[in-house]
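Coordinates in review
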Amino acid sequence: MNLILLGPPGAGKGTQAAAIAASRGLVQLSTGDMLRAAVKAGTEVGKQAKAIMERGDLVPDEIVIRIIDERIGQPDCENGFILDGFPRTLPQAAALDKLLADRNKQLDLVIEFKVDDAALVERISGRFACAKCGAGYHDKFKQPKTPGVCDACGSTEFSRRADDNAETVKNRLMAYYKETAPLIGYYFAKGKLKSIDGMAPIDQVTHAIERLLAEVAA
Ligand code: AP5
Ligand code: MG
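Overview of the structure. (Residues numbered from 1 in each chain as written. Chains lettered and ligands numbered in written order. Predicted model: local features only at pLDDT ≥ 70, side-chain atom pairs only at ≥ 80, totals over all residues. Heavy atoms only, no water.)

**A closer look at the overall build of the protein**
Across its full length, the protein holds nine helices and eight strands. Over its C-alpha atoms the protein spans a radius of gyration of 17 Å, differing by no more than 12% from the 17 Å that the globule rule assigns to 218 residues. Taken along its principal axes, the extent of the C-alpha atoms in the protein is 45 × 40 × 35 Å. Evaluated residue by residue, the protein yields a buried proportion of 44% over its 218 residues. Within the protein, contacts between residues separated by at least 24 positions form 69% of all contacts whose residues are at least 6 apart in sequence. Entry remark: accessible area of the protein is about 11,100 Å², with carbon and sulfur atoms responsible for 54%. The protein carries 29 positive and 29 negative side-chain charges, and their two centres are separated by 1 Å. (Helix = DSSP H or I, 4+ residues; strand = E, 2+ residues; numbered from the N terminus. Rg over C-alpha atoms; globule rule 2.2 N^0.38 Å. Buried < 20%, exposed > 50% of the residue type's maximum accessible area, 1.4 Å probe, protein only. Contact = heavy atoms within 4.5 Å. Areas by Shrake-Rupley, 256 points an atom, 1.4 Å probe, with all protein chains shown as cover. Lys, Arg positive; Asp, Glu negative; His and termini not counted. Charge placed at Lys NZ, Arg CZ, Asp CG, Glu CD.)

**Regarding the packing of aromatic side chains**
Tallied over the full model, the rule gives five aromatic pairs. Seen from their ring centres, Y176 and Y177 are 5.4 Å apart, and the 75° between their planes marks the pair as edge-to-face. Taking the relative accessible area as the measure of exposure, Y176 reaches 7% and is therefore buried. Aromatic ring contacts, followed pair by pair, group F128, Y137 and F158 into a single cluster. Taking NZ or CZ as reference, K142 lies 5.6 Å from the ring centre of Y137, over its face. (Phe/Tyr/Trp six-rings, centres within 6.5 Å; stacked < 30°, edge-to-face > 60°. Lys NZ or Arg CZ within 6 Å of the ring centre and 35° of its normal.)

The structure is reproduced here in structure tokens:
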């Protein structure tokens, strides 16, 4: 099954992509995570993307399209994948259509997360992640089971994202409404779009997604 999770910054795309990838044996493809890894590694792409991401603007289409094109071609994606944060512009969506068609793959479902702006800011300001394995947490909504210890790998080191500050969040939200929200109409017109209430607690959102996936599989 090949899915897209579509929604504003902080909507819960990464949280749900990780949960669904684990339960369904799918690969999570987060362009944000891939770009952050490139920045950390100091690659050419990372050098181009660093300042753009810190401002909360979108990285040029050709860079992210190339990254996804290469990644989707790898063998572990054969069983299916969850795109988390891609596509984010109409040209990216058109490029995805083409690269899927070229590989005889199809898109099964696009899940849109509906979340109020005020909740997004609260979610982003409280977010942190395990510095070793990347597992995501929140100061208020998702603390590790043992405080200070990652549930997934036992590490005691955590980090916060450079773009998770009030000023950058405003810019990221603007980029979402201007560049990404038009994709809702794009996928609705293709009959691929389903929307979920992203304001619900994390477990309930996971159940809502599982119900949608069961409907699609039936
Ligand atoms: P990216 O990393 O994709 O960031 P984003 O879209 O801004 O989304 P986030 O990762 O901030 O939010 P999320 O929806 O994953 O929420 P999460 O699950 O973590 O992109 C970063 C940057 O990279 C972009 O600004 C751009 O520069 C560049 N980029 C990436 N892709 C690109 C592309 N395709 N084209 C161009 N540029 C690109 O949840 C947030 C917090 O809330 C967590 O702490 C979580 O625990 C908590 N939470 C989650 N769900 C709930 C819930 N239901 N209730 C309560 N709390 C919850
Ligand atoms: Mg994310």
